[in-house]
Amino acid sequence: PESEESFGFREQDLRYKHIQVTKKYATNAAIFFIMDVSGSMTSEKKYLARSFFFLLYHFIRSRYEKTEIVFVAHDTQAYETDEDKFFNRGSSGGTLVSPALEHVLEQIEKRFNPASWNVYAFHCSDGDNWPSDMERAVGASQKLKDVCQLYGYCEIEPERETIKWLNESSLGNAYAHLEGGSFKSVSIRTPPDVWPAFKKFFGGKLR
């Protein structure tokens, strides 16, 4: 039987959702999936993150002729990895967000010039970050907002833990002033929240 730590994409995850899109031809997209895998990211939170990334994966791939997907996991360090390790990596350690965001910025500069690529970045986290790292993370996020077609932050907080939204160490609070333009943030607390969160990012393009 499949263990609770198995988080690969499964077709049945979209069995009730049908997305019609208009394809764009002769275009390239680079998509960075960024996920917190620190000790506070429980199996429940990782399941919600996986469900969200699954929708993103299929939607963006359907719109571009060439799509490069880069998986970046992080605790206190950033780890660029493959899909399987990204979703099945065990949770451990503390949390520093800036190393992951700065790694993405470096890879955009080296591999995905925004003049030739439509760059997207999506970060799923439970909102935890060391207070001493918050300013650096916000600075990196501002830079990502400036170079990405869309930069999305998804705060994964099961209902019993939503008190974190009131905590100054929450990324959701720290990013509030970035909201607008190419930056959007959402909150996912239960599985039914995944689809509305996805629509907040792409509602105008679902046709």
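These figures come from a predicted structure and were not determined experimentally.

Basis of the calculations
Residues numbered from 1 in each chain as written. Predicted model: local features only at pLDDT ≥ 70, side-chain atom pairs only at ≥ 80, totals over all residues. Heavy atoms only, no water. Buried < 20%, exposed > 50% of the residue type's maximum accessible area, 1.4 Å probe, protein only. Helix = DSSP H or I, 4+ residues; strand = E, 2+ residues; numbered from the N terminus. Pairing = 2+ DSSP bridges. Right-handed = clockwise from strand over helix to strand, strands pointing away. Axes fitted to C-alpha atoms, helices over the stretch in contact; angles between N-to-C directions. Parallel < 35°, antiparallel > 145°, perpendicular 65-115°, else oblique. Left-handed = near helix turned anticlockwise from the far one by under 90°. Contact = heavy atoms within 4.5 Å. Nonpolar A, V, L, I, M, F, W, Y, C, P; charged D, E, K, R; others polar.

A.B. asks: Before we go on, may I ask you to explain the pairing of strand β1 (residues 28-36) in this structure?
C.D. replies: The two faces of the sheet receive side chains in turn, since in a regular strand these alternate between them. Among the 9 residues of β1, 8 are classified as buried, and the element is accordingly described as predominantly covered. In terms of strand pairing, β1 meets strand β2 (residues 66-74) through 9 bridges, oriented parallel. Bridging across to β2, Ala30 finds its partner in Glu68. Note that the unit made of β1, helix α1 (residues 43-61) and β2 has a crossover that is right-handed. Sheet topology note: the β1/strand β4 (residues 118-125) ladder contains 7 bridges and is parallel. Note on β4: the bridge partner recorded for Met35 is Cys124.

A.B. asks: I'm lost on the packing of α1 against helix α6 (residues 194-202) in this one. Help?
C.D. replies: For any two helices packed against each other, the geometry comes down to the angle between their axes and how far apart the axes lie. Where α1 meets α6, the closest approach of the two axes is 10 Å, and the angle between their N-to-C directions is 40 degrees. In terms of axis orientation, α1 runs oblique to α6. With respect to the hand of their crossing, α1 and α6 are arranged in right-handed fashion. Between α1 and α6, the residues in contact are Leu48, Ser51, Phe52, Leu55, Leu56, Phe59 and Ile60 and Val194, Trp195, Ala197, Phe198, Phe201 and Phe202, respectively. Residues that form the contact of α1 with α6 fall into these classes: 12 nonpolar, 1 polar and no charged.

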